[in-house]
Amino acid sequence: MGLLSEGTPLDWPQTKKYADHVRQHGIEQFINQYHQLKGRQGDCLKWGDEIEYMIIKLDHKNRKARLSLRGSELLEVLREAEETNPKEVRSLWRPEYAEYMVEGTPGQPYGSLVQHFNIVEHNMSFRRSEVQSLLQPDELVLSITCFPRLGCYDFTRPSVRPDSTCGVTRSLFFPDEAITKCHPRFKTLTSNMRERRKEKVAINVPIYVDLKTPRPFVEDLSQYGDDGSSAEQAKEDHIYMDAMGFGMGCSCLQMTFQACNINEARVLYDHLTPICPVMLALTAATPIFRGYLADVDCRWDAVAASVDCRTREERGLEPLRNDMFVIPKCRYGSVDCYLSECGSRYNDVPLLYEKKIYQRLVDSQVDGLMSQHIAHLFIRDTLSLFSERIHQDDTREMDHFENIQSTNWQTMRFKIPPVNSDIGWRVEFRPCEVQLTDFENAAFGVFIVLLTRAILSFKLNMLIPISKVDENMKNCQKRNAVLKEKLWFRCDLFGRDCDKGDDARLMTVNEIINGKGEEFVGLVALVRQYLGALDMDADTACTIGQYLNFISARAAGNAITTATWIRNFVTSHPEYKQDSVVNDGITYDLIVAASEITQGKQECKELLGGTPKTKTTEDIPKAIKKIIQMTCLAPRNAE
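Residues numbered from 1 in each chain as written. Predicted model: local features only at pLDDT ≥ 70, side-chain atom pairs only at ≥ 80, totals over all residues. Heavy atoms only, no water.

Please clarify how the packing of aromatic side chains should be interpreted in this entry.
Any aromatic ring pair is given by two values, namely how distant the centres are and how the planes are angled relative to each other. Within the structure shown, the criterion is met by 24 aromatic pairs. Centroid distance Phe 173 to Tyr 240: 6.3 Å. Interplanar angle 70°. Geometry classified as edge-to-face. Separated by 67 residues along the polypeptide, Phe 173 in the loop between strand E6 (156-157) and helix H6 (185-197) and Tyr 240 in strand E8 (residues 238-241) bring together distant segments of the chain. Relative accessible area serves as the criterion here: at 3%, Phe 173 is assigned to the buried category. Geometrically, the ring pair formed by Phe 173 and Phe 246 is edge-to-face, given 6.2 Å between the ring centres and 75° between the ring planes. Of this pair, Phe 173 sits in the loop between E6 and H6 while Phe 246 sits in helix H8 (residues 245-248), and the two are 73 residues apart along the sequence. Grouping residues by exposure puts Phe 173 and Phe 246 together as buried. Through a chain of ring-to-ring contacts, the aromatic side chains of Tyr 97, Phe 155, Phe 173, Phe 174, Phe 186, Tyr 224, Tyr 240 and Phe 246 assemble into a single cluster. A cation over an aromatic ring shows up here: Arg 185 above the ring of Phe 186, its NZ or CZ 5.8 Å from the ring centre. (Phe/Tyr/Trp six-rings, centres within 6.5 Å; stacked < 30°, edge-to-face > 60°. Helix = DSSP H or I, 4+ residues; strand = E, 2+ residues; numbered from the N terminus. Buried < 20%, exposed > 50% of the residue type's maximum accessible area, 1.4 Å probe, protein only. Lys NZ or Arg CZ within 6 Å of the ring centre and 35° of its normal.)

How should the environment of Arg 490 be read in this particular structure?
Tracing the chain through its elements places Arg 490 in strand E16 (residues 486-490). For Arg 490, a relative accessible area of 1% translates into the label buried. Remark: the alpha-carbon pair of Arg 490 and Arg 505, spanning 15 residues in sequence, is separated by 6.4 Å. Excluding residues within four positions of it along the chain, Arg 490 makes contact with Tyr 346, Asn 461, Met 462, Leu 463, Ile 464, Lys 500, Gly 501, Asp 503, Ala 504, Met 507 and Phe 520. (Contact = heavy atoms within 4.5 Å.)

Please explain the pairing of strand E15 (residues 426-429) as it appears in this structure.
A regular strand places its side chains on the two faces of the sheet in alternate fashion. Side chains Arg 426 and Glu 428 project from E15 onto one buried face, and the interleaved Val 427 and Phe 429 project onto a second face that is buried too. One ladder, built from four bridges, connects strand E14 (residues 412-415) with E15; its direction is antiparallel. What sits directly across from Met 412, in E15, is Phe 429. (Pairing = 2+ DSSP bridges.)

Looking at this structure, I do not really get the nonpolar core. What am I missing?
Grouped burial of nonpolar side chains is what soluble globular proteins tend to show. Judged by nonpolar contacts, the single largest core of 205 residues is most densely connected at Phe 429, Phe 447, Leu 523 and Trp 565. Per-element tally for this core: the top contributor is helix H15 (residues 438-458), with 13 residues. (Core = buried A, V, L, I, M, F, W, Y, C linked by side-chain atoms within 4.5 Å.)

Just to check I follow, could you spell out the pattern of salt bridges for this structure?
Pairing of side chains with opposite charge becomes possible as their charged atoms draw close. Across all of its chains, the model carries 45 salt bridges by this definition. Among the ionic pairs, Asp 20 bridges to Arg 23, the shortest N-O distance being 3.0 Å. Of the two residues, Asp 20 and Arg 23 both sit in helix H2 (residues 19-37), three residues apart, roughly one turn of that helix. Taking the relative accessible area as the measure of exposure, Arg 23 reaches 11% and is therefore buried. What you see here is one network of salt bridges that share partners, running through Lys 16, Asp 20, Arg 23, Arg 196, Glu 314 and Asp 381. (Salt bridge = Lys/Arg side-chain N within 4 Å of Asp/Glu carboxyl O.)

What is the right way to look at the packing of helix H19 (residues 523-532) against helix H20 (residues 538-556) in this model?
Helix packing geometry: the angle between the two helix axes and the distance between the axes. Put simply, H19 and H20 touch, their axes get as near as 11 Å, and they point 165° apart. Accordingly, the angle class assigned to the pair H19 and H20 is roughly antiparallel. As for the relative orientation of H19 and H20, their crossing is left-handed in sense. Where H19 approaches H20, its residues Val 524, Val 527, Arg 528 and Leu 531 are matched on the opposing element by Ile 544, Gly 545, Leu 548, Asn 549, Ile 551 and Ser 552. Taken together, the residues of the contact of H19 with H20 break down into six nonpolar, three polar and one charged. (Axes fitted to C-alpha atoms, helices over the stretch in contact; angles between N-to-C directions. Parallel < 35°, antiparallel > 145°, perpendicular 65-115°, else oblique. Left-handed = near helix turned anticlockwise from the far one by under 90°. Nonpolar A, V, L, I, M, F, W, Y, C, P; charged D, E, K, R; others polar.)

Help me understand the side chain of Gln 33 in this model?
Along the polypeptide, Gln 33 turns up in helix H2. For Gln 33, a relative accessible area of 4% gives the class buried. If we skip the residues at most four places from it in the chain, Gln 33 touches Met 398, Ile 416, Pro 417, Pro 418 and Val 419.

The quantities given are spatial measurements derived from coordinates; they are silent on function.
So, in structure tokens, the structure goes:
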């Protein structure tokens, strides 16, 4: 979602004019807030999830599924309860990039009691039912990462066509009307990103080559109105896309955790970074782009390309004349550096950062590692600026800092406490693809939170060199990576002896999650060991047990990924012609089947590893609520 300030958006020439102003004042805002809150201690664990949903309209007579452009209309109703009684609502709703999307979070953060793990799934189901209750009879709500025919002819209702000659996207496939109307930030980002780059984004995803797929696979883009510029960017044997909506119009599952202090937040940021590729492989759910089967299973690189605002100079395609840096990655990517002292020894990839900003931070008594991290984020320009928010009080506001921070979309995000808030230092875990069912989304969310508790309680060491994390991020997105690929992972997890160095080995996801005999314990076993020391009620223990069993099954291949389920559905469909094309009829049947699985009307043991039935409940017992302010599940020491 990102920063949603209100105001009048500036176009790119105006925004560019204030780029240095935003950077300068953003850094001053960070320095002021950092020194004010760096000594903050004792915050309890609070955490929550974000899930993005898509609204889909079915044409049963013609067997077609279309994205319903009613997100803004639905949000008006969904947000009424929050506006009336914000402290009592069970859900919060926010706009997302596309007009067919809405984003839901819990009404209040979950707390530090183990019983909170038993209410997550119930809250997710409640959120889904809230949206469903507002839909028309032929509409449904799905938590699906990417709509199969996003960008194909006539993929929205109402039907709108793209115009490649004007508007904010200039896309051959994705119309401006598919961008949300709720907030001007999203169209402004789209337009300014394209203008900064000086050309449209170019997304090329390798096509899945089946028996009758044309070889080479090259589309005639002139049929969509291409003037030749898109054909130059499109790669052979790839699915070509040309708009931010092909990335930011995808859905995901994200988790945010509050730490007890800044040091604990840095530890969590670092030790969760190597977990990101593992979880991306486990949650893989995106095997189709623009109506074609792809030879990848995840959205990540497609999203990265969709927001790549680097100029040709910054991409190293032309000599530097007007820009300052050749930037190796776009704004959306894996973490580039660790933040803790121990983690710094694994920063083996040279970090590009703005040296003047770094020096200003160091001179202001911000430590070197944090200064590097912030100065690295600030090599980017602001992409969205509102005229009313140009001039700010740097001692009381953080919009300029958040403007740049929130448009650096990495697998992890280190989050500064907001101004004048009771919210503490947090980290956001961002790689997971959203799953079809509330059970799956709750299972992955709860697992990640429990893993953070095990990391802190047992002082686990997950660190591997950043270069190996980057390598893992490439391999974890490959087709069926969860079973076929090996990822670098640390062998000796116990004890944070920073001098031990790199002992990472290539392991399968199954070995990382479930262990390998006496050689490696496995992450699920560590979580179970942590849980063994807690006093859990039977219902919570039952629910968490099913979540861990499911994750073990997914890693072992006994529960297939969403990507594999979708791929198998398409390739076994009677209308599929072994040519990589996912037509309207296949898409309609796929969406109907996915909806029935989501609602529990159709069993899918191959996806869920059985027929799970948790003991999830609406709230924790009243008697237990009384001790929420008296205890924290997290240890008090960060190191």
